[in-house]
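Residues per chain are reported as follows:
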Amino acid sequence: MGLIPATRGRVLVEAAIAHRRLLIELVRREVRARFAGARFGLVWSLINPAVQLAAYGLIFGYVYADPSRPRGTVTATLFCGLWPWWAFQEAALRGTAALVEQASLLRRLPMPATLPVLAASIASVGIQMLGFALFLLVFASIGVIEPRAAWLLLPVVLALHVALTTGLALFLAPLYLVVRDVMHAVSLGLMVGFFLSPVLYQLSDLPPFARGIASLNPLAGLLGLVRSVVLGAELPPWVSLVSLAGAIVAAWHWGERLVSRIDGRIDEYC
Amino acid sequence: MLQQESWALRADRVGKVYHVVPSLRPLLNGGPKGPDDSNCVKALTDVSLEVARGEAIALIGANGAGKSTFLRILAGLSRPTSGSVVRRARLGTLLELGAGLVDEWTGESNARSALALQGASSARLAEVARFAEIGRFFAEPVRTYSTGMRLRLAYALAIGLEPEMMIADEVVAVGDEGFQRRCALELQGFLGRGGTLVLATHNLYLAEKLCQRAMWLEGGVVRACGPTQDVTRTYRDAIRSPRRDQARPRPEDLDRIDPVVSDAVRLSATVRGAEGTVPNVVTTGGPWRIELAGAAGSDSHADLRADIRRADGTLVARIDELRWPGTELAACPLLPGRYVVEVGGVGSRGDDDDVLVRQELLVRGARRELGNVVLEHEWA
């Protein structure tokens, strides 16, 4: 029984499968730790986004209302942009911090360094998308969003979401382990990314000269897929889908490389 | 080298280098910085160890010697910068007890999670609860626990996996006396069942009691490795000696200790053991005498005394009246170790004069008692 091998390439996925019970327990710990001591626990993960959605709905549905668009459409479009973005943002932040926050665990138990990162990202996306699914049913029941057969493809979109977010976290987590400034840069990047990504708007709302550049954003592809599946909107441009796929591959490729270089060396940084 | 199948763990020329200021460059380029970088601290250098199945090894040394770093590498929790480690036994670790417990969860919840993380069945939960001996607090949040209760729970979780080999770091130095005693008894029981143990400890008595061999680390380098009592005595002598900053004699030089001649009074004192043995090296229980020599006549040194001191200066015994040219002593009662013989005069009022000559003395032997002298005894 030697040191757990450094994860490389497809071995990363194989390692996650081989240690699936450990990964499941880490996800469970991650979820429980979020709400440890809180009387209402998981409910806060629903209340917080719901209040923000209501606030944005008020602003864009009433204050800056577009008379050509029904308020329900505005709310549904915001819902399909904001909730996946919150999942992405939370998973990116928690995944980036995972190695530092779980350093004491990594110092005591032999496990691939990828597992805490994956657990943090999966837990974050899972919690947020659970709320997304719940509110989707609520909106469907009150007629804001019409149920569609395409909703059966939501697990596929969710898988792409998890793949993008965990890949990004795998890349950022080792960097943050070595240089703490990375978290500040990530927070700044997310703040800018929120406005550069079609979260509060759709690509079609942009002027033509900006639409092309904005299409290169991988999140344009992801959020466009969510709106397409949930609301029946147009599929995002093929450029966005290629960008999304490329971002997933690049993030996992470089994330695997960086994590493998710090595997077994957490004690050198924490 | 041990037979192929008889060893449980083998560490070969293990080295570990830490970078004082972490840098992104080795992370992005894929290559570690060289150990010659001024930004580096060498925690371990060329440390090798082979542990047989059923053997217990003690790691001793001062704080910062590299014991914990070496243990973490042996346990697979840290990657060595150089060298390799191979394990052939199911490992259990007693490292950083108490870390990882979530304060807001109950002891039971923490135990379930810890067992799941270690790949153990939750059926062991009852056993953990029994061993921890925290009663109803097992169902209470850990934040309500005392330090001792946290340690007992953490220890129960660590010991519950029935490993073939245990790697433990100072675990018996924490907690109250009762907990320390339980830890020691548990480790004894583990060894009695054929377990293999590598234990880092400051408790030399525990090391001598539990372990057949010991390794002394200093500054990340192996200073001594061998039978526990030999290593612990060498270590004790080193830490007690007031001349720690001076070069230590190499093992091959310990067979001779040259007589010291005091130029001021032209006097030398030599301790001789059995016939044919080297000067100033005697054996516990063997014959020994103190011989005086010098240009000065015996009359001017009629009132001489000899103080036998430990390496740290503690007086073990005084011989009030030395005779020229020598004084025959009874069987040497001193236990193996390094001592200093101080020969000095006695003033007319019975006070001590200045020491005239100091002579190092090495006592060898197979006796393993604790203390400074042997007390021969018979049961009534």
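Calculation criteria
- Every chain begins its residue count from 1, and numbering advances along the sequence as written.
- To label them, take the chains in the order written and letter them from A, then take the ligands in the order written and number them from 1.
- In keeping with the model being predicted, local features are shown solely for residues with a pLDDT of at least 70 and side-chain atom pairs are shown and tallied solely at 80 or more, while totals for entire chains, interfaces and linings include all residues.
- Just so you know, side-chain values use all the structure's heavy atoms and leave hydrogens and water out.
- Elements are defined by DSSP. Helices are runs of H or I of four residues or more, strands are runs of E of two residues or more, and each kind is numbered from the N terminus.
- Throughout, exposure labels follow a simple rule: accessible area from a 1.4 Å probe, protein chains only, divided by the maximum for the residue type, with under 20% read as buried, over 50% as exposed, and the rest as partly exposed.
- The criterion used for residue contact is that any of the two residues' heavy atoms lie within 4.5 Å.
- Using a 1.4 Å probe, the Shrake-Rupley method yields the accessible areas, and only the shown protein chains count as cover for residues.
- Helix span is expected to be 1.5 Å times the residue number reduced by one.
- Salt bridges are identified by distance alone: a Lys or Arg side-chain nitrogen within 4 Å of an Asp or Glu carboxyl oxygen.
- Angles shown run from 0 to 180 degrees and are taken between the N-to-C directions of axes, each axis being a line fitted to C-alpha atoms and, for helices, limited to the stretch in contact.
- Orientation is classified from the angle alone, with under 35 degrees giving roughly parallel, over 145 giving roughly antiparallel, 65 to 115 giving roughly perpendicular, and any other angle giving oblique.
- Working rule for handedness: look at the near helix, and if it is turned counterclockwise from the far one by less than a right angle, call the crossing left-handed; if clockwise, right-handed.
- Gly falls in the polar group here, along with every residue not listed as nonpolar (Ala, Val, Leu, Ile, Met, Phe, Trp, Tyr, Cys, Pro) or charged (Asp, Glu, Lys, Arg).
- Ring geometry is summarised as follows: Phe, Tyr and Trp rings, the Trp one being its six-membered ring, pair when their centres sit within 6.5 Å, and such pairs are stacked at plane angles under 30 degrees, edge-to-face over 60 and tilted between the two.
- Ring-over charges, as used throughout, are those where CZ of Arg or NZ of Lys falls within 6 Å of the ring centre and within 35 degrees of the ring normal.
- Buried area: the accessible surface (1.4 Å probe) lost by two parts on joining, summed over both.
- Side-chain atoms alone can form a polar contact between residues adjacent in sequence; in general such a contact is a pair of N or O atoms within 3.5 Å, and within protein one must be able to donate a hydrogen while the other accepts it.
- When DSSP locates at least two bridges between a pair of strands, those strands are taken to pair.
- pLDDT measures the predictor's confidence residue by residue and takes values from 0 up to 100.
- The criterion for a disulfide is a pair of cysteine sulfur atoms lying within 2.5 Å.

## As for the overall build of chain B
Then, number 1: A count of helices and strands for chain B gives eight helices and 18 strands.
Then, number 2: Burial status across chain B gives 46% buried among its 380 residues.
Then, number 3: At a minimum sequence separation of 6, the contacts of chain B that also span at least 24 residues come to 67%.
Then, number 4: Accessible surface, chain B: about 18,700 Å² in total, of which carbon and sulfur atoms supply 50%.

## Observations concerning helix H5 (residues 147-159) of chain B
All names here are of chain B.
Then, number 1: The terminal C-alpha atoms of H5, which comprises 13 residues, lie 18 Å apart, in line with the 18 Å expected from a rise of 1.5 Å per residue.
Then, number 2: Turning to H5, its buried residues number three or more, namely Met 149, Leu 151, Leu 153, Ala 154, Tyr 155, Ala 156, Leu 157, Ala 158 and Ile 159.
Then, number 3: Next to the buried residues of H5 lie strand S5 (91-94), helix H3 (107-117), helix H4 (125-132), strand S6 (165-169) and helix H6 (177-192).

## Some details on the pattern of salt bridges
Then, number 1: The full count for this structure, using the stated rule, is 27 salt bridges over all chains.
Then, number 2: Where Arg 28 of chain A meets Glu 25 of chain A, a salt bridge forms, and the shortest distance between an N and an O atom there is 3.1 Å. One end of the pair is Arg 28 of chain A and the other is Glu 25 of chain A, both in helix H2 (residues 20-34) and three residues apart, which spans about a single turn.
Then, number 3: Classification of Arg 28 of chain A by relative accessible area gives partly exposed; the value is 47%.
Then, number 4: Residue classification places Glu 25 of chain A among the buried residues on the basis of a relative accessible area of 5%.
Then, number 5: Arg 309 of chain B is paired through a salt bridge with Asp 307 of chain B; the nearest N and O atoms lie 3.6 Å apart.
Then, number 6: Salt bridges linked by common partners bring Arg 305, Asp 307, Arg 309, Arg 318, Glu 342 and Arg 358 of chain B together as one network.

## A look at the packing of H4 of chain B against H5 of chain B
Residues and elements named next belong to chain B.
Then, number 1: Taken N-terminus to C-terminus, the directions of H4 and H5 make an angle of 135 degrees; their axes are 8 Å apart at the nearest point. Taken together, H4 and H5 sit at an angle that is classed as oblique. Judged by the twist between their axes, the crossing of H4 over H5 is right-handed. Of H5, the residues touching H4 (which contributes Val 128, Phe 131 and Ala 132) are Arg 152, Leu 153, Tyr 155, Ala 156, Leu 157 and Ile 159.
Then, number 2: Looking at the contact of H4 with H5 residue by residue, the classes come out as eight nonpolar, no polar and one charged.

## What to know about the packing of aromatic side chains
Then, number 1: Scanning the model with the defined rule gives 14 aromatic pairs over all chains in all.
Then, number 2: The rings of Tyr 56, Phe 60, Trp 85, Phe 88, Phe 194 and Phe 195 of chain A are connected pair by pair, giving a single aromatic cluster.
Then, number 3: Between the NZ or CZ atom of Arg 32 of chain A and the centre of the ring of Trp 105 of chain B, over which it lies, the distance is 4.1 Å.
Then, number 4: The ring of Trp 216 of chain B carries the charged tip of Arg 223 of chain B above its face, separated from the ring centre by 4.8 Å.

## Describing the interface of chain A and chain B
Then, number 1: With 33 residues of chain A at the contact, the number on the chain B side is 33 residues.
Then, number 2: Of the roughly 3,100 Å² buried between chain A and chain B, counting both surfaces, carbon and sulfur atoms make up 56%.
Then, number 3: Remark: the boundary between chain A and chain B carries two salt bridges.
Then, number 4: Taken together, chain A and chain B are joined by ten residue pairs in polar contact (both at pLDDT 80 or more).
Then, number 5: Those elements that provide at least two residues to the side of chain A that touches chain B are H2, helix H5 (103-108), helix H7 (154-178) and helix H11 (238-262) of chain A.
Then, number 6: If you tally residues by element for the side of chain A that touches chain B, the top one is H2 of chain A, at six residues.
Then, number 7: Its residues assigned to classes, the side of chain A that touches chain B comprises 18 nonpolar, five polar and ten charged.

## A few points about the pairing of strand S3 (residues 56-60) of chain B
Residues and elements named next belong to chain B.
Then, number 1: A large share of S3 lies buried, amounting to five of its five residues.
Then, number 2: Taking every second residue as pointing to the same face, both faces of S3 are buried, with Ala 56, Ala 58 and Ile 60 on one and Ile 57 and Leu 59 on the other.
Then, number 3: One ladder, built from four bridges, connects S3 with strand S7 (residues 196-200); its direction is parallel. Note that in S7 the partner of Ala 58 across the bridge is Leu 199.
Then, number 4: For S3 and strand S8 (residues 213-218), the ladder comprises four bridges, and the chain directions are parallel.

## Points about the side chain of Ser 121 of chain A
Then, number 1: As for its position among the elements, Ser 121 of chain A is in helix H6 (residues 114-141).
Then, number 2: Residues within four places of Ser 121 of chain A in sequence aside, it is in contact with Ala 91, Gly 95, Thr 165, Thr 166 and Ala 169 of chain A.

## What to know about the sheet that holds S8 of chain B
Residues and elements named next belong to chain B.
Then, number 1: The mixed open sheet is built from six strands, whose spatial order is S5-S6-S7-S3-S8-S9. Here the strands that pair on one side only, and so sit at the sheet edges, are S5 and strand S9 (221-227). Adjacent strand axes in the sheet meet at a mean angle of 15 degrees when their direction is disregarded.
Then, number 2: Of the strand pairs in this sheet, S5 and S6 are connected by four bridges, and their pairing is parallel. The partner of Thr 93 across the bridge, within S6, is Ile 167.
Then, number 3: Most of the contacts of H6 go to S7, to which it runs at about 150 degrees, and overall it touches S3, S5, S6 and S7.

## Comments concerning unusual backbone geometry
Residues and elements named next belong to chain B.
Then, number 1: A positive phi angle is found at Asp 46, which is not glycine, with a value near 50 degrees.
Then, number 2: Looking at the element boundaries, Asp 46 is found in strand S2 (residues 40-52).
Then, number 3: Positioned with a positive phi, Asn 280 is a non-glycine residue whose angle comes to about 65 degrees.
Then, number 4: With respect to the helices and strands, Asn 280 occurs in the loop between strand S11 (267-272) and strand S12 (281-283).

## A word on the confidence of the model for chain A
Then, number 1: Confidence in the prediction of chain A, expressed as mean pLDDT, is 87, and 95% of residues score 70 or more.
Then, number 2: Below a pLDDT of 50 lies the segment residues 1-9 of chain A, which in the model reaches 28 contacts outside its immediate sequence neighbourhood of four places, other chains included.

## A short note on the sheet that holds S2 of chain B
One key point about sheets: their strands pair by backbone hydrogen bonds, in either a parallel or an antiparallel sense.
Residues and elements named next belong to chain B.
Then, number 1: With antiparallel pairing, three strands are arranged side by side in an open sheet as S2-S1-S4. The open sheet has two free edges, formed respectively by S2 and strand S4 (82-87), since each of these has just one partner strand. Sheet twist, expressed as the mean angle between neighbouring strand axes with direction ignored, is 15 degrees.
Then, number 2: Direction of pairing for strand S1 (residues 7-19) relative to S4: antiparallel, over a ladder of five bridges.

## Thoughts on the state of the cysteines
Residues and elements named next belong to chain B.
Then, number 1: One pass over the full model with this rule turns up zero disulfides over all chains.
Then, number 2: Cys 211 takes part in no disulfide bond, and the closest cysteine sulfur to it belongs to Cys 225, at a distance of 12 Å.
Then, number 3: Residue Cys 211 is classed as buried on the basis of its relative accessible area, which comes to 6%.

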